[in-house]
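Summary of structural features
So you can see what is in the structure, the chains are spelled out below.
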Amino acid sequence: ALYLREVLEAELGVRLDPRLIPELPIRRDLVFPEAPSKRSVKVDYAAFEQGRDRVWFVELKTDAASRRETQDAYLERAKGLGLRAIAEGVRDILGATSAHQKYFHLAARLADHGVFELPDGLASQLYPKPRRGLERELRKIRVLRGAEIEVVYVQPRSDGAAGVIDFATFARHVERHDDPLSRRFARSLRTWGTIDAGAVPPREGGATGDG
């Protein structure tokens, strides 16, 4: 995450808002309508373009074998729905969950991006603990806008696939930072991009492979 915005901007040719949103929930029944559920699936990061015309759903895969057809399918479905429908789903989750404070932070970040308009005084209804009448206030959350969704994967190898940033590419950007952490991380990225997860036995002390 320390380097993600920089890499995305360079590889996608866009300028992104520095405020990435991690673990963006998507109502499960929006992308799996054949299996109704109040649960959600998560996108690792949502990165908004400055100007707010597009948002990238970013999936990080540390093991190439963990990429699944079902996940690709639901992300493509989310892309087809657009951000407004996803945001309406987030609002529904916020109204249904008991973890109101947790999801309020997400709602506030979406408001920062101009997606939500939150009612005045909503925070005072939630802190120090949720108050009576909160549900009425949550129903006042307005979805102001949508955005075009694009999907990009960050994974060990691209194998020529479109919409994928592989670890070697990511490492090239990390190497531009001449500090010990960046140099060490770049070396590890290059190693992780050439071996399968679990292929190298753990070294004494708990480290695996090249880091």
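My aim in this report is to walk through the structure given alongside it, one point at a time. (Residues numbered from 1 in each chain as written. Predicted model: local features only at pLDDT ≥ 70, side-chain atom pairs only at ≥ 80, totals over all residues. Heavy atoms only, no water.)

In total, this model carries 4 aromatic pairs according to the counting rule given. Consider the rings of F185 and W192, whose centres lie 6.3 Å apart with planes at 65°: the pair is edge-to-face. The partly exposed category is assigned to F185, whose relative accessible area is 26%. Linked through ring pairs, Y3, F185 and W192 together constitute an aromatic cluster. (Phe/Tyr/Trp six-rings, centres within 6.5 Å; stacked < 30°, edge-to-face > 60°. Buried < 20%, exposed > 50% of the residue type's maximum accessible area, 1.4 Å probe, protein only.)

Now for the packing of helix α1 (residues 4–12) against helix α8 (residues 167–174). At a closest axis distance of 10 Å, the pairing of α1 and α8 adopts a crossing angle of 110°. Accordingly, the angle class assigned to the pair α1 and α8 is roughly perpendicular. Judged by residue contacts, L4, E6, V7, A10 and E11 of α1 engage T169, F170 and H173 from α8. Counted by class, the contact of α1 with α8 contains 4 nonpolar, 2 polar and 2 charged residues. (Axes fitted to C-alpha atoms, helices over the stretch in contact; angles between N-to-C directions. Helix = DSSP H or I, 4+ residues; strand = E, 2+ residues; numbered from the N terminus. Parallel < 35°, antiparallel > 145°, perpendicular 65-115°, else oblique. Contact = heavy atoms within 4.5 Å. Nonpolar A, V, L, I, M, F, W, Y, C, P; charged D, E, K, R; others polar.)

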